[in-house]
Amino acid sequence: MVMYVNLCVCRYFVLDPDVGQLQYFVSEQGRSQKARGSLPLIGASVTASDEAPHMFIVSSANGELFKLRAVDATEQQQWMTQLQACTRRHSDSSAKVSFIFKSVAEWRHLPVDRSKAPSSFLQVMNQAEGQQKSLVQSIESLPMRGSLSCLDHDLLLLKATSAATLSCLGECLTILQQSAGHDRGPPSGESNTDTLQTPVPPPDPEPAKDQGEDGMEVISPEEEVMDSDDNTEEDLGVLDDQRSVILHLLSQLKLGMDLTRVVLPTFILEKRSLLEMYANFMAHPDLFLSISAGSTPEERMMRFVEYYMTAFHEGRKGAVAKKPYNPVLGETFHCSWEVPQDRVCPLRTETNPRTNQEVTGAGSDPYRVRFVAEQVSHHPPVSGFYCECAERGMCVNTHIWTKSKFMGMSVGVSMVGEGVLYLRDHGEEYVFTFPSAYARSILTVPWVELGGKVTISCAKTGYSANVTFHTKPFYGGKVHRVSAEVKQNSSGTVVCKAQGEWNGTLEFIYSSGETKVIDTNKLPVIRKMIRPVEKQGRTESRHLWQHVTAVLKEGNVDLATEHKHVLEEDQRSDERQRAANNMPWKPKYFNKEDDEWVYRNPLWKTH
């Protein structure tokens, strides 16, 4: 029967009652080939929807769902009846599923006595943990091959779902204990350190690097060419065989577990390094340079907020969530932008405070914005990057420590650290932080949303801003929402408010009553200039990862994994050699000052 997925794509669906799966194909003729996707019906729910006529939703136990639309009401009821019957049959016959959730039901009906709840809940949790471990042991004791193997899709799903459910219950227990004034230690027999249940390969590699010079590497403009790579990823879902790999990995993880040392499958990799993704946050260098053109402290802070809120959409291009390459220790990335001076026109006539002459910009050489990034630490993974425009007297120094954690059916990445924008001609420094990123729906079509509150402050002027990236509520609500407020600290006066979507339309409302609307999708992108791979140093990102990138573009995941393995072995070898020679790693462009990484030759030191 032909129905509609997400109201717009026509697909051919088949219900397989024997295995309890709803499968779909591109067309009826495509049934002879492998299904494009499937939904397990064990523990699933089937409900009508008023989102569109004759529509209903099939939601699996792992959070994956299909939105389907039948031709008419009769066909809708037939499908819902058959799906519900199939769901009940397979759910009732799955004793292993029921005993895992038995503890959930017991827990839900416990008396809510705050003085007694923590110990009672802990007892139920210990029972559930024991049952979950028994389930895992039973599955893992099955043979690798045969009619029922330990790699069976449904059993892997069962392992992942039970582990995620148990972890979520533990998180709920923690919240209840905190509200009751109790602290819960780790379950018996476990430490506070999260570990995988099975051995994990060593972390990403670190090849040997050239040591040396201070200051930004001088790259001739003649060597750089316009970047032709738009970094767009195909918006494809996770294939069935790939889903099994992910399920196997998820079944070994615990909620809140640090994923730094977990090697993820190659097929989820994005075809660029994390260092290059940071550079793509500068896709609107004209907005960046316009900050210094503000004639008042208030105007400069508001321009900074406008730049900041529009900086994320190009760095996270495409709807599908993929993971950039983990930069290896000492990896670097260089690029620059040429910005026509008339793109940085001030709101009113600007006077250069050094020469006291009016700045016109017409017919002048373009401004040049230079960028360098370096992976300064591998454990923890810390990246430093520095961006400078000497003509405008501006530079940004930033260090970011990425901390990834497992969150059940999503992955959260915290960007710990801060950046400092320096405006030489005004003697001002703007300190800012970063939002967290979340990869949602990792078993279906992964997508990224940003979340958390970030701050921007200038101690000299007394202006500050709070920017909030709102995550989507479980029910309803919009995605990618962001809001901001700029105020003068001493008076508490709010001078600007903003709201909208960080990858869509943003509206700014100023205290003067004026408004401004910015559509990030219509903002002109200034492409970066970069040296061709053959002219890059061996530790520069695109040169280092060129073979992995090339075969990923061809769709050859196995060969990409082999090339990645070569980099890993090179890094381990260099790490062993440094340890044998008692030579600690020394970054090329950044120095560590207290807990921060600072570029060795920043603009504020040289001018």
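Just so it is clear, the structure is predicted and the values come from calculations on it, not from any experiment.

1. Looking at the overall build of the protein chain
- When helices and strands are tallied, the protein chain shows 13 helices and 26 strands.
- Buried positions account for 48% of the 607 residues belonging to the protein chain.
- Taking the intrachain contacts of the protein chain between residues at least 6 apart in sequence as the baseline, contacts between residues at least 24 apart amount to 62%.
- Looking at the protein chain as shown, the accessible area adds up to about 29,400 Å², and 51% of this sits on carbon and sulfur atoms.

2. So, helix H12 (residues 557–580)
- Here H12 spans 35 Å end to end across 24 residues, near enough to the 34 Å set by a 1.5 Å rise per residue.
- Looking only at H12, the buried set comprises Ala560, Lys564, Leu567, Glu568, Gln571, Arg572, Asp574 and Arg578.
- A positive phi of about 55° marks asparagine 582, the residue just after H12.

3. Examining the packing of aromatic side chains
- Applying the stated criterion across every chain, the model contains 20 aromatic pairs.
- Seen in terms of ring centroids, tyrosine 308 and phenylalanine 432 are 6.1 Å apart; in terms of plane orientation they differ by 75°. Their pairing is edge-to-face. Of the two residues, tyrosine 308 is situated in helix H8 (residues 297–309) and phenylalanine 432 in strand E16 (residues 428–432); the sequence distance between them amounts to 124 residues. Per residue, the accessibility class of tyrosine 308 equals that of phenylalanine 432, and both read buried.
- Ring centres of tyrosine 386 and tyrosine 599 lie 4.1 Å apart, and the angle between their planes is 10°; on these two criteria the pair is classed as stacked. Of the two residues, tyrosine 386 sits in strand E13 (residues 382–389) while tyrosine 599 sits in strand E26 (residues 596–599), which places them 213 residues apart along the sequence.
- Taking the relative accessible area as the measure of exposure, tyrosine 386 reaches 0% and is therefore buried.

4. A look at a negative patch on the surface
- Taken together, the side chains of Glu593, Asp594, Asp595 and Glu596 make up a negatively charged region of the molecular surface.
- With respect to the secondary-structure elements, glutamate 596 resides in strand E26.
- The class of glutamate 596 is partly exposed, set by a relative accessible area of 33%.

5. Notes on the side chain of serine 336
- Inspection of the secondary structure assignment puts serine 336 in strand E11 (residues 332–339).
- A polar atom in the side chain of serine 336 sits 2.6 Å from the side chain of glutamate 224.

6. Describing the confidence of the model for the protein chain
- Taken as a whole, the protein chain shows an average pLDDT of 76; of its residues, 69% reach a score of 70 or greater.
- Note on residues 94–117: pLDDT is under 50 here. Beyond four places in sequence and across chains, it has 30 contacts.
- Within the model, pLDDT remains below 50 along residues 182–214, and this stretch shows 87 contacts once partners closer than five positions in the same chain are excluded.

7. A short note on the pattern of salt bridges
- Counted under the stated rule, the structure contains 16 salt bridges.
- The partner of glutamate 299 in a salt bridge is arginine 303, with the nearest N and O atoms 3.9 Å apart. Of this pair, glutamate 299 and arginine 303 both sit in helix H8, four residues apart, which is roughly one turn of the helix.
- For glutamate 299, a relative accessible area of 9% translates into the label buried.
- Owing to a relative accessible area of 9%, arginine 303 belongs among the buried residues under this scheme.
- Put simply, aspartate 425 and arginine 424 hold a salt bridge, and the shortest N to O gap is 3.2 Å.

8. Some words on the environment of valine 486
- By the secondary structure assignment, valine 486 is in strand E20 (residues 481–488).
- Residues valine 486 and serine 457, spaced 29 residues apart in sequence, show a C-alpha to C-alpha distance of 9.6 Å.
- Ignoring sequence-local partners within four residues, the contact set of valine 486 consists of Met301, Met302, Val305, Ser464, Ala465, Thr493, Val494, Val495 and Cys496.

9. Some thoughts on unusual backbone geometry
- With an omega dihedral of 5°, the bond running from histidine 379 to proline 380 counts as a cis peptide bond.
- Locating proline 380 in the fold gives a position in the loop between strand E12 (367–377) and E13.
- Despite not being glycine, histidine 54 shows a phi value in the positive range, around 60°.
- When you line up the elements, histidine 54 lands in the loop between strand E5 (45–49) and strand E6 (55–59).
- Here the phi dihedral of asparagine 582 falls at roughly 55°; this positive angle occurs in a residue that is not glycine.
- Take asparagine 582: it is sitting in the loop between H12 and strand E25 (590–593).

10. Here's the deal with the pairing of strand E15 (residues 411–423)
- As judged from the 13 bridges shared by strand E14 (residues 394–406) and E15, these two strands associate in the antiparallel manner. When the bridges of E15 are listed, methionine 394 appears paired with leucine 423.
- Where E15 and strand E17 (residues 436–440) come together, three bridges link them in antiparallel fashion. When the bridges of E17 are listed, glycine 412 appears paired with tyrosine 438.
- Direction of pairing for E15 relative to E16: antiparallel, over a ladder of five bridges. Each bridged residue has a counterpart across the sheet, and for leucine 423 the counterpart in E16 is glutamate 428.

11. Some words on the side chain of glutamine 488
- Position of glutamine 488 among the secondary structure elements: in strand E20.
- A polar contact is formed between the side chain of glutamine 488 and the backbone oxygen of threonine 461, at a distance of 3.2 Å.

12. Some points on the nonpolar core
- The biggest cluster of nonpolar side chains holds 62 residues, and the ones touching the most others in it are Trp337, Phe371 and Leu421.
- Per-element tally for this core: the top contributor is H8, with seven residues.
- Counting 14 residues, the second largest nonpolar core, distinct from the first, contains Leu39, Trp79, Met80 and Leu83.

13. Describing the environment of glycine 412
- Structurally, glycine 412 is set in strand E15.
- In this structure, the C-alpha to C-alpha distance between glycine 412 and glycine 451, residues 39 residues apart in sequence, is 9.6 Å.

14. A look at the pairing of E12
- Most of E12 is tucked away, with 10 of its 11 residues classed as buried.
- Relative to E13, E12 runs antiparallel, the two being bridged by seven bridges. Across the sheet, arginine 370 pairs through a bridge with glutamate 388, a residue of E13.
- Between E12 and E13, which pair antiparallel in sequence order, lie four residues.

Thresholds, definitions, all that
Residues numbered from 1 in each chain as written. Predicted model: local features only at pLDDT ≥ 70, side-chain atom pairs only at ≥ 80, totals over all residues. Heavy atoms only, no water. Helix = DSSP H or I, 4+ residues; strand = E, 2+ residues; numbered from the N terminus. Buried < 20%, exposed > 50% of the residue type's maximum accessible area, 1.4 Å probe, protein only. Contact = heavy atoms within 4.5 Å. Areas by Shrake-Rupley, 256 points an atom, 1.4 Å probe, with all protein chains shown as cover. Expected span 1.5 Å × (residues − 1). Phe/Tyr/Trp six-rings, centres within 6.5 Å; stacked < 30°, edge-to-face > 60°. Patch = residues over 30% accessible without salt bridge, like charges linked within 9 Å, V, L, I, M, F, W, Y side chains within 5 Å. Salt bridge = Lys/Arg side-chain N within 4 Å of Asp/Glu carboxyl O. Lys, Arg positive; Asp, Glu negative; His and termini not counted. Charge placed at Lys NZ, Arg CZ, Asp CG, Glu CD. Polar contact = N/O pair within 3.5 Å; in protein donor to acceptor, adjacent residues only side chain to side chain. pLDDT = per-residue confidence, 0-100. Pairing = 2+ DSSP bridges. Core = buried A, V, L, I, M, F, W, Y, C linked by side-chain atoms within 4.5 Å.

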